[in-house]
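Residues per chain are reported as follows:
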Amino acid sequence: MAVEKEKPEKEVKMADPIKASIDVASQEMISRAQKLGVETIFDRAEKMKPCNIGIQGICCKNCAMGPCRLPLPKGGIQGEDERKGLCGATANTIAARNFIRMIAGGAAAHSDHGRSVAEVFISAARKETDAYQIKDTVKLVEVAKHLGIATTVEVDGEELDRDLDEIAVEVGEVALGEWGKAEGELLYLKRAPKPRYEIWKKQGVLPRNIDREIVDIMHRTHMGVDQDYKNLIKQGTRCSLADGWGGSMLATDLQDILFGTPSPLQSEANLGIMKEDHVNIIVHGHEPVLSELIVAVAESQEMIDYAKSIGAKGIQLGGICCTANEMLQRHGVPLAGTFLQQELAIITGACDAMVVDVQCVMQNLANVAKCFHTKLITTHPMAKMEQDNVLHIEFDEHHALEDAKRIVKIAIDNYKKRGADVMIPQHKAAQVAGFGVESIEYHLGGSFRGSYYTLNDNIINGRIRGVAGVVGCNNARTRHNEQHLLICKELIKNDVLVLTTGCTAIACAMDGLLAPETAAAAAGPGLAEVCETVGLPPVLHLGSCVDNSRILLAATEVVKAGGLGNDLSDLPVAGSAPEWMSEKAISIGQYFVTSGVYTVFGVTLPTSGAPVFHDYISKEFENIYGGMWDVEADPIKHAQLMIAHIDKKRKALGIDRARERVLMDMADRQALQG
Ligand code: SF4
Ligand code: MSK
């Protein structure tokens, strides 16, 4: 009888917490999860590696004859690129199709978020709901003008201010029309500097309406339609502009009018904001319409008293991802963490409810929540989960206040069901957040001067070398937060002011980069001097992913203030998404680039398998749009590429010498002090 060989036990691959995250709080929670046998994304990233062909953008599954996979030949392409799918689609066509489908996905997510806000806005303007009111009437009037809506009316030959309620209804209606109007072009495109608008016009990429550009991509990337990578990416541009200068910008503006335009405030960040003796409610996702009310309800005396009646000391709110950024910038709600910390917040054992809406919500949250007492509550009609431990309380603006009360009460009742084993990492950092176009103007121009002159002066005299927009996600294929922090630190060390949003902003907050004291400790001498004079941190938190539109408008204000060229592409600025993972990041990258900004992505770019297409968007684009894509995984080289571009622009503007003079002034001063 044959003796059966004993099978060696299969090795279970687990993440090394220190290699998985740069953040100590996260390392502690990853270890705890592993001890408790709770699987997280960090362990799954060890077990499953990405497909090497998909990552290069050269796998097509747009019809049932595929998937057609077109790997690069060993040693690269010599001569003609002969790779073809069954239908004959080339690697360039496939990569371009995949790329613009990502743009469509990203633009759809941002813009549908904007549409939801517009719908709530109209209900509020028509007074169909008591839950929301117009908060910022100054911005309402400003936005009305951009939408071509009259803000005054002539009565008996006299020009009078129009009724604000009337303006609000019209703003809501015109804004909503931007998603599906039959004719014309998006109204906000003319907010860009004129030469930029003219470039878009000449290239034939002015978006018609938001929805149409997304549908157009789905049509033209269907099997057997557009087979020219240049024409495909042209539509990618049209669609991304409809996102950045359309859906996202409208989302930001309407949220500001409805919930208040942010202004700088103090708060904290990281899992250590959770409190063992409080009811902890974590809001997560992107759309702030329900979370706005959850904040109001959780802060009400009625709910605080109720929480105390069951033995808690109060209610602690915290946020993950961009719902967090929205709640932070308007209410100071602390950030619990970035995208990769969503499971970890539950693993503390102290999360009494996690309330999620749309985007960046991992399905595994339900499995993690099952191991603890946490109530996981989905709230959006388009975002449910199949697991049976998930509660769905559907948001509707007409009964939103009741929904918010129900959710907060569920969290309070759940506090009593906590297990004894609570472990909240004792790590958090102080931050100042809530910056925007208006507050930068105030800080760097003053309400008296009311412009970006001071910022421009300091760029021209070289104290500030340039400005970088560093944005985007976490990616489990890189060490959590490391790229964000190394890149931002390298930039500020070299006198580059950083504007940030999304998970990059949260990562910076967790590391203390959003504290004004960081300027003296970590910024170069010129940037530190400016920041210390006006009391700003060297990294400015501008909000959520849709708020990248604030970066576009801040850059436009810099152009308007004068002295730094006539278009966005003339400015000494650069963009970056160090740890991107979401389709939204590709849409953002494309509208940054085609708005004239040199933009570097970390990790990888799904174009590397199609070198001709890659060269087109990374080299030829500079001739067309003045901005271009680049990719660099090494964080220091990544930041240095951005700095080199900033220096190139300074040289073109003739202000490179001014910078040298200022550095000598600093050195002289230091020598004198010594
Ligand atoms: Fe293959 Fe062409 Fe079908 Fe794509 S569309 S899967 S390349 S046959
Ligand atoms: S949340 S899109 S992981 S930034 Fe906006 Fe973070 Fe990226 Fe989601």
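Residues numbered from 1 in each chain as written. Chains lettered and ligands numbered in written order. Predicted model: local features only at pLDDT ≥ 70, side-chain atom pairs only at ≥ 80, totals over all residues. Heavy atoms only, no water.

Engineer: Before we go on, may I ask you to explain the site of ligand 1 in this structure?
Structural biologist: Taken together, 13 residues lie around ligand 1, and Cys60, Cys63, Cys68, Cys87 and Met223 are the ones closest in. Its residues assigned to classes, the shell around ligand 1 comprises nine nonpolar, three polar and one charged. (Near = heavy atom within 4 Å. Nonpolar A, V, L, I, M, F, W, Y, C, P; charged D, E, K, R; others polar.)

Engineer: I keep staring at the site of ligand 2 and nothing clicks. Help me out?
Structural biologist: Taken together, 13 residues are adjacent to ligand 2, and His286, Cys360, Cys473, Cys503 and Cys545 come closest. Of the residues that constitute the shell around ligand 2, the class distribution is eight nonpolar, four polar and one charged.

Engineer: Sorry, what's going on with the pairing of strand E17 (residues 598–601) here?
Structural biologist: Regular strands have side chains that alternate between both faces of the sheet. The alternating pattern of E17 places Tyr598 and Val600 on one face and Thr599 and Phe601 on the opposite face, and all of these are buried. Here strand E16 (residues 573–577) runs beside E17; their pairing, made up of four bridges, is parallel. Each bridged residue has a counterpart across the sheet, and for Ala577 the counterpart in E17 is Phe601. The β-α-β motif built from E16, the intervening helix H23 (residues 583–594) and the parallel element E17 has right-handed crossover chirality. As paired elements, E17 and strand E18 (residues 629–631) share three bridges and run parallel to each other. Along E18, the bridge assignment pairs Thr599 with Trp629. (Buried < 20%, exposed > 50% of the residue type's maximum accessible area, 1.4 Å probe, protein only. Helix = DSSP H or I, 4+ residues; strand = E, 2+ residues; numbered from the N terminus. Pairing = 2+ DSSP bridges. Right-handed = clockwise from strand over helix to strand, strands pointing away.)

Engineer: Whenever I open this one, the packing of helix H4 (residues 91–125) against helix H6 (residues 164–177) confuses me. Can you help?
Structural biologist: Helix-helix packing: each pair is described by the crossing angle between the helix axes and the interaxial distance. Put simply, H4 and H6 touch, their axes get as near as 8 Å, and they point 155° apart. By the angle between their axes, H4 is roughly antiparallel relative to H6. Here H4 runs over H6; the crossing is left-handed. The segment H4 lies against H6, with Arg115, Ala118, Glu119, Phe121, Ile122 and Ala125 engaging Ala168, Val169, Val171, Gly172, Glu173 and Leu176. Grouping the constituent residues of the contact of H4 with H6 by class yields eight nonpolar, one polar and three charged. (Axes fitted to C-alpha atoms, helices over the stretch in contact; angles between N-to-C directions. Parallel < 35°, antiparallel > 145°, perpendicular 65-115°, else oblique. Left-handed = near helix turned anticlockwise from the far one by under 90°. Contact = heavy atoms within 4.5 Å.)

Engineer: Would you take a moment to explain the domain arrangement of the protein for this structure?
Structural biologist: The domain architecture assigned to the protein consists of domain 1 (91–259), domain 2 (271–415) and domain 3 (429–653). Computed over C-alpha atoms only, the centres of domain 2 and domain 3 are separated by 31 Å. In this assembly, 16 residues from domain 2 lie in contact with 24 residues from domain 3. For the pairing of domain 2 and domain 3, the buried interface totals around 1,500 Å² over both sides, and the portion due to carbon and sulfur atoms is 67%. (Domains from an automatic or database assignment. Buried area = accessible area lost by both parts, 1.4 Å probe.)

Engineer: Is there a simple way to think about the packing of aromatic side chains in this case?
Structural biologist: The relative placement of two aromatic rings is captured by the distance of their centres and the angle of their planes. Per the counting criterion, the structure on display carries eleven aromatic pairs. Here the aromatic rings of Tyr132 and Phe259 are separated by 6.1 Å at their centres, their planes lie at 55°, and the arrangement is tilted. Within this pair, whereas Tyr132 is found in the loop between H4 and helix H5 (137–146), its partner Phe259 is found in helix H9 (residues 229–259), the two being separated by 127 residues in sequence. Ring centres of Tyr229 and Phe613 lie 6.2 Å apart, and the angle between their planes is 75°; on these two criteria the pair is classed as edge-to-face. (Phe/Tyr/Trp six-rings, centres within 6.5 Å; stacked < 30°, edge-to-face > 60°.)

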